[in-house]
Amino acid sequence: MLKDGARHYSGLEEAVFRNIAACKEFAKTLRTAYGPQGRNKMVINHLEKLFVTNDAATIIKELEIEHPAAKLLVLASQMQEQEVGDGTNWVIMFAGSLLEAAEDLIKMGLTPTDVADGYQTALTKALEVLPTLTCWEVTDPRSNEQVTKAVRTSIMSKQYGNEDFIAGLVAKACISILPEKNNSFNVDNVRVCKILGSGIHRSEVVQGMVFRRTVEGSVTTMDKARVAVYSCPFDVTTTETKGTVLIHTAKELASFSRGEENKMEADVKGLTEAGVTVVVAGGKIGDLALHYLNKYGIMAVRVTSKWDLRRLCKVVGAVILPKLTRPDPEEIGMCDKVFMDEIGDVPITVFRQDGSESRIATIIIRGSADNYMDDIERAVDDAVNTFKGVCRDGRCVGGAGSTEVELSRYIEQFGVQCPGLEQYAIKKFAEALRVFPKVLADNCGVADQEVLCNLMTAHTDGQTYAGFNCDPETRKSDLETRKSDLETRKSDLETRKSDPETRKSDLAPKSDLETCKIVVEARKSDPETRNSDPTVIDTREHDILDLYLTKHWALKYGSGAACQVLRVDQIIMAKRAGGPKPRSMPGQDQDDD
């Protein structure tokens, strides 16, 4: 039926289990990169460029996944990246856990369709319960304190230890460019400029744009600048067609050259008469043009990227001119200050707007290595996308695995009430949600099963927002406190045994066994003592919050990808065409129409 060389797989063993195995292996690869203590992956792409990161979106982008079922998970994570900008690893891990649980159910005798239907029922219930688990909401997206608190957790997973500083930078940059209508916030308006050297705490926010290049002329600073932007080279104009000029004498040659100079001087003088003090060109600025620009005191800047030219026009309010003509007053932009500066040994040109609001803000990132700054840039990108989600819906749920554990409790109770074979799939859906606190604990070097038991106990006791404590220093101090308390109780017990007067007057039981029983009962009756485990914290008190939209879409995309893989019963792969791979289209900018 098919051409020679085509491959065909069908049935449970060849198609379903093969797909599940590929997705499980893919999810297992990214599992160790999850959370604040997640390990980095060293990825070398086909261009031999090195990436050292734990960002799942970057890892997935640079890995060339071939298996068709694993590609479905990649598409789901890419949709999560486009919709929210964070939670890509969550989607992959959740889909992999669902498929791993589905494999057990299929081996028990359930059909893949029954499992997929059960997962859809559990997803509907989870989306109903999720809004009730919100613990905090951003009421004012212009409040620096609230925004910092909201974006802090998304940075923590990639830059643990520097989350407070970076969150402050991102909050300052995003609030300064937030338009009147909050829903129209554009992620592209927060730019990043990476400059090698110094440390991350020397990073700063600039209202406006920063270019890593020097100015062209001798004028290096201009206050209250009037800016003209050209997309063409600022040089002597040439004809569009070839021509020949016949010159007979030296006088004609001198007058011909002088004609070019007069034309250029007239153009620059026209700019001066129009009030232009800064010229930005998208191409080369000729020596003759530079001479007259310096003569008339006009600052010259060259910007080679047409996307940066568009963004600069957005900052200063100018219009890009395609030809070297005198601009009209409405085509000239305004900038509070344009100046050349030097950070480390890197010259930069800054277009700064000193007003309370600007259309574009730039975060200058400092670091000791290029890979380190790239990782900071990814953390900033996730935080900016989180701010965009806050502008749409400011609700937040508990992080550190608390929301997943609470959802699993609700769904497990719901599965007990459901009749039919779907209840098995619903219970497995609840078990799949518990993989997140286990992975967090495993990446931190803590016994995952013990952590899960402690979290389940805390949630059963009514601590809805109890999550896993990823901070090793806090866990260590809590353990030291508990150890000192045990030593104190032990010394008290020894004192009571050795003192006959105290022993007689003591109404407590005399045996160690009875004493231990009383201590255990006291711990059970006291919720503060009972849940003093150092691995369990209240996520509200420690400001570990996840955006509601992130969890909402991650649940949808993760379970949708798993159900789509389960509903595949045949794989038909045509023979590959010969010859080299087709060239992929270069990445397009968001401003490209």
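Our subject in this report is the structure included herewith. Being a predicted model, the structure only gives us computed values, none of them experimental. (Residues numbered from 1 in each chain as written. Predicted model: local features only at pLDDT ≥ 70, side-chain atom pairs only at ≥ 80, totals over all residues. Heavy atoms only, no water.)

Turning next to the overall build of the protein. A count of helical and extended segments in the protein gives 20 helices and 18 strands. A burial count over the protein gives 47% of its 593 residues as buried. Taking contacts inside the protein between residues at least 6 apart in sequence as the whole, the part at least 24 apart equals 77%. As presented, the protein carries roughly 30,100 Å² of accessible surface, and 50% of it is formed by carbon and sulfur atoms. (Helix = DSSP H or I, 4+ residues; strand = E, 2+ residues; numbered from the N terminus. Buried < 20%, exposed > 50% of the residue type's maximum accessible area, 1.4 Å probe, protein only. Contact = heavy atoms within 4.5 Å. Areas by Shrake-Rupley, 256 points an atom, 1.4 Å probe, with all protein chains shown as cover.)

Time to look at empty space enclosed by the protein. A probe as big as a water molecule, rolled over the atoms, marks out the empty space that is left. For the coordinates displayed, the defined rule picks out one cavity of 30 Å³ or more. Looking at the largest cavity, its volume works out to about 40 Å³. Only helix 7 (163-176), strand 13 (361-367) and helix 11 (370-392) provide two or more residues apiece to the lining of the largest cavity. No other element matches the three residues that helix 7 contributes to the lining of the largest cavity. Taken together, the residues that form the lining of the largest cavity break down as eight nonpolar, one polar and no charged. (1 Å grid on protein atoms, 1.4 Å probe; cavity = no way out; pocket = protein on both sides within 12 Å on 5 of 7 lines; lining within 4 Å. Points joined across faces, edges and corners; volume = space filled by probe spheres on them. Nonpolar A, V, L, I, M, F, W, Y, C, P; charged D, E, K, R; others polar.)

Once that is clear, we can look at the nonpolar core. With 87 residues, the main nonpolar core has Leu73, Phe94, Val115, Tyr119, Phe429, Phe468 and Leu555 as its most contacted residues. If one sorts the elements of this core by residue count, helix 4 (residues 88-108) sits on top with 12 residues. With sequence-adjacent residues up to four places away left out, leucine 555 is seen in contact with Trp90, Phe94, Leu123, Ala126, Leu127, Leu130, Leu407 and Leu433. Formed by 29 residues, the second largest nonpolar core is a distinct cluster that contains Val170, Leu178, Phe185 and Val384. (Core = buried A, V, L, I, M, F, W, Y, C linked by side-chain atoms within 4.5 Å.)

This brings us to the packing of aromatic side chains. The relative placement of two aromatic rings is captured by the distance of their centres and the angle of their planes. Applying the stated criterion across every chain, the model contains 10 aromatic pairs. Note on tryptophan 90 and phenylalanine 94: the rings are 5.1 Å apart at their centroids and 40° apart in plane angle, and the pair reads as tilted. Placement of both tryptophan 90 and phenylalanine 94 in helix 4 is noted, with a separation of four residues, approximately one turn of the helix. As far as the burial class goes, tryptophan 90 and phenylalanine 94 line up, both buried. Geometrically, the ring pair formed by phenylalanine 94 and phenylalanine 436 is tilted, given 6.4 Å between the ring centres and 35° between the ring planes. With phenylalanine 94 in helix 4 and phenylalanine 436 in helix 14 (residues 435-443), this residue pair connects regions lying 342 residues apart in the sequence. By relative accessible area, which is 0% here, phenylalanine 94 ends up buried. A relative accessible area of 0% places phenylalanine 436 in the buried class. Cation over ring: lysine 107 sits above phenylalanine 17, and NZ or CZ is 5.8 Å from the ring centre. (Phe/Tyr/Trp six-rings, centres within 6.5 Å; stacked < 30°, edge-to-face > 60°. Lys NZ or Arg CZ within 6 Å of the ring centre and 35° of its normal.)

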